[in-house]
Amino acid sequence: FSELTKIETGITPVSVVYRPKIISKTRRRKIALIAAVAILFLAATATLFILIRSSRLNVNPKRIAVALFENKTGDPALDPIGSVAADWISQGISQTGLVEVAPAMAALESSRLVGSKEGGLQGLSQLRALARETGAGTVISGAYYLQGNNLQFQTKITDVQHGKLLFAPPPVSGKQEAPMELIGLLRQHIMGALAMCFDPKFKTLPVSNPPIFEAYKEVMIGIDFFG
């Protein structure tokens, strides 16, 4: 049939031979490089997504955790003061009715656990770890020092969700032999600061520095009475 076609048309059929396309070494390298970059990009995107997701805290900003106060005196005999201060402050905050407080014992155990793993509770990452353990979006932490024969407490109130320092009460100092007086005064300062942060009515007042809690209560009584 093919020969008849050739005679009739006068056209000699040309045989077509398939020749596979040869890819040069340079092009192969470019393709491999593009594939490697794409894989690295996908891996980096997945890692970033995991980090962002893990950095989010499922916490309540109006739930407060009081961490174990760190003993910076150098005297191990004063270690119990740290847990007494945290417990006493937690009890005071629970009486304000303004915020929810993580149970003192649970917060203390969690802060001991986090502190032993992280080497202390001063850094934001350590406070975030404590927040995860307790579900508290606001953490109160601090330490106490010896200055001569006086004991000094330093405290800070941190919004761990946003990594923001809400307030640092002024240091409280006094005789080493009367730590409960100092803890009581420190508790008043912390409760007043929380009132300033979480009481909507108090936020409207032209107050730059939080009062102690007893003064705050008197102010609020006056506002309720006089309007």
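Caption draft 1: Broad picture of the overall build of the chain. Helix and strand counts for the chain come out as eight helices and seven strands. Counting over 227 residues, the chain shows a buried share of 37%. Long-range pairs, those at least 24 residues apart, make up 56% of the contacts in the chain between residues at least 6 apart in sequence.

Caption draft 2: Expanded view of the pairing of strand β5 (residues 150–159). Judged by how many residues are buried, β5 sits mostly within the fold: seven of 10 residues are covered. Between the end of strand β4 (residues 136–147) and the start of β5, which pair antiparallel, lie two residues, with Gly-148 showing a positive phi angle near 70 degrees. Bridging between β5 and strand β7 (residues 172–175) involves four bridges; their strand directions are antiparallel. Note that in β7 the partner of Asn-150 across the bridge is Lys-175. Where β5 meets strand β6 (residues 164–167), three bridges bridge the pair, whose relative direction is antiparallel. Residue pairing across strands places Ile-157 opposite Phe-167, the latter belonging to β6. Hairpin connection from β5 to β6: four residues lie between these consecutive antiparallel strands, with Gly-163 at a positive phi of about 65 degrees.

Caption draft 3: How the structure looks around the pattern of salt bridges. If you walk through the whole model with that rule in mind, you get one salt bridge. For Arg-63, the salt bridge goes to Glu-100, with nearest N and O atoms at 2.3 Å. One end of the pair, Arg-63, is in strand β1 (residues 60–66); the other, Glu-100, is in strand β3 (residues 100–101), and 37 residues separate them in sequence. What makes Arg-63 buried here is its relative accessible area of 16%. Its relative accessible area of 39% is what places Glu-100 among the partly exposed residues.

Rules used throughout
Residues numbered from 1 in each chain as written. Predicted model: local features only at pLDDT ≥ 70, side-chain atom pairs only at ≥ 80, totals over all residues. Heavy atoms only, no water. Helix = DSSP H or I, 4+ residues; strand = E, 2+ residues; numbered from the N terminus. Buried < 20%, exposed > 50% of the residue type's maximum accessible area, 1.4 Å probe, protein only. Contact = heavy atoms within 4.5 Å. Pairing = 2+ DSSP bridges. Salt bridge = Lys/Arg side-chain N within 4 Å of Asp/Glu carboxyl O.

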